[in-house]
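Coordinate analysis (summary)
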Amino acid sequence: MRCTEGYREEMGDDRINLIVIFGGQSAEHDVSCVTAAHVLRAVDQSRYRVTPIGIDRDGRWQLATAALAALEAGPRALPERLEAVGDSLSPTPMLAAAVLAGPVVVLPLLHGPLGEDGTVQGMLELMDVPYVGSGVLASAVGMDKALAKELLGYHRIPQARWISLREHEVGPDRLAAVAGELGLPVFVKPSNMGSSVGVSKATTLVELQHSVDHALSYDEWVVIEEAIRGREIEVAVLGNLDPVASVPGEIVPGNEFYDYEDKYVEDGAQLLIPAPLTDVQSEEVRRRAIEVYHALRCEGLARVDFFLEEHGRGFLVNEVNTMPGFTPISMYPKMWQSSGISYPELVDRLIDLAVERHRRRRRNTKH
Ligand SMILES: Nc1ncnc2c1ncn2[C@@H]1O[C@H](COP(=O)(O)OP(=O)(O)O)[C@@H](O)[C@H]1O
Ligand SMILES: [Mg+2]
């Protein structure tokens, strides 16, 4: 029996209230609004009663009334992207009322800080609502590149050489020492971000200072890494205790690296699914993706990204995304499609996993 069916019977209701939260305060607000439109279109309305909730750029929550009306008119009436506007509401009373009204699952389709980083997940834990994706810990660690790297290092999972610095530690001497240790060029990134926002490549000490200043405008921690010359390989992982890995995909960046424009603005990057790898390489990267998933305690879903240094160290993990891009043309759903799981089925599976995780944690938590 499917997990959600049991849940529906148990609660004596015939449709699950699927609360789709989108938008958010991060630089990835727009991406989330596009994703939400596609997810709403794919949701089976005979099984789920959808409540779209938008978070605007200032962090205000609202019932997305236009999206709700479009949904009622039929999925075709939905626009290409939702707007995070409507009737304002307070999240905690809304969630408490939803829980009392019957079975509910939250789908937090939020990317970046204040969405993908454990903050919203923490609120959902407090409200005791099942939600799609990783819990507080994995979401927070997955979002923080420096901490994720420390943990992966502890598990001896190969990655690029790196150094992290906090704002007050940055100065010319320290940066010269970093360049001496890692060599130039390097990649500089804010520790807590996504979508390549704040990421740049530095080939000289002067550029390094600029790159660090730029990254520090997004977060007080920066990560500096040796520049890897390699292919970019990604794997989609799905599951809770016993996760499975998709066929790997490859990104061939159109720009010098896979930057924001390449991801969302231009049509530059090429996506190759499956990635042209040997069977041995493919098995290795899938196995490693699952190791990373466990090391960071991910649940539900994550996309694990690697570099492949072909004539060197092989696969080096780059980062983990606990709420990866999820439009039908995003890597995560496309890799599953190529592995035999369609977009609507993926949404269903994620909801089942949310319910399963919630039940398990309830059993394991003594209040
Ligand atoms: N150490 C590195 N060596 C080479 N390219 C890198 C390195 N780090 C990042 N990049 C390039 O920058 C892109 C964005 O960096 P990433 O760490 O994935 O940040 P984000 O979380 O913003 O996606 C990568 O997809 C890759 O093209
Ligand atoms: Mg990335």
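One can find the structure itself at the top, above this paragraph.
Summarised in this report is the structure supplied together with it. (Residues numbered from 1 in each chain as written. Chains lettered and ligands numbered in written order. Predicted model: local features only at pLDDT ≥ 70, side-chain atom pairs only at ≥ 80, totals over all residues. Heavy atoms only, no water.)

1. Comments concerning the side chain of Asp144
Locating Asp144 in the fold gives a position in the loop between α6 (136–143) and α7 (145–154). Of the buried charged residues, Asp144 lacks a salt bridge, with Lys145 as the closest side chain of opposite charge at 9.1 Å. A polar side-chain atom of Asp144 sits 2.8 Å from a polar atom in the side chain of Ser191. Non-local contacts of Asp144, meaning those with residues more than four positions away in its chain, are made with Ser191 and Asn192. (Helix = DSSP H or I, 4+ residues; strand = E, 2+ residues; numbered from the N terminus. Buried < 20%, exposed > 50% of the residue type's maximum accessible area, 1.4 Å probe, protein only. Lys, Arg positive; Asp, Glu negative; His and termini not counted. Salt bridge = Lys/Arg side-chain N within 4 Å of Asp/Glu carboxyl O. Polar contact = N/O pair within 3.5 Å; in protein donor to acceptor, adjacent residues only side chain to side chain. Contact = heavy atoms within 4.5 Å.)

2. As for the site of ligand 1
Close to ligand 1 lie 18 residues, the nearest being Lys145, Lys189, Ser196, Glu225 and Glu232. Within the backbone of Ile228, an N or O atom sits 2.8 Å from a nitrogen atom of ligand 1. Interatomic distance of 2.9 Å between a side-chain N/O atom of Glu319 and an oxygen atom of ligand 1. Across the complex, the protein chains shield 96% of the 550 Å² of accessible surface that ligand 1 would expose by itself. Within the residue set of the shell around ligand 1, elements represented by two or more residues are β7 (186–190), β9 (221–226) and β15 (314–321). Looking at the shell around ligand 1 residue by residue, the class counts come to seven nonpolar, four polar and seven charged. (Near = heavy atom within 4 Å. Areas by Shrake-Rupley, 256 points an atom, 1.4 Å probe, with all protein chains shown as cover. Nonpolar A, V, L, I, M, F, W, Y, C, P; charged D, E, K, R; others polar.)

3. Concerning the pattern of salt bridges
Oppositely charged side chains can pair when the atoms bearing their charge come close. Scanning all chains against the criterion turns up 28 salt bridges. Between Asp30 and Arg81 there is a salt bridge, with its nearest N and O atoms 2.6 Å apart. Placement of Asp30 in helix α2 (residues 29–42) and of Arg81 in the loop between α3 (65–73) and β4 (87–88) is noted, with a sequence separation of 51 residues between them. Asp30 gets classed as partly exposed once you look at its relative accessible area, which sits at 31%. Overall, Arg81 belongs to the partly exposed group, its relative accessible area being 26%. Across the salt bridge formed by Asp58 and Arg60, the nearest N and O atoms sit 3.4 Å from each other.

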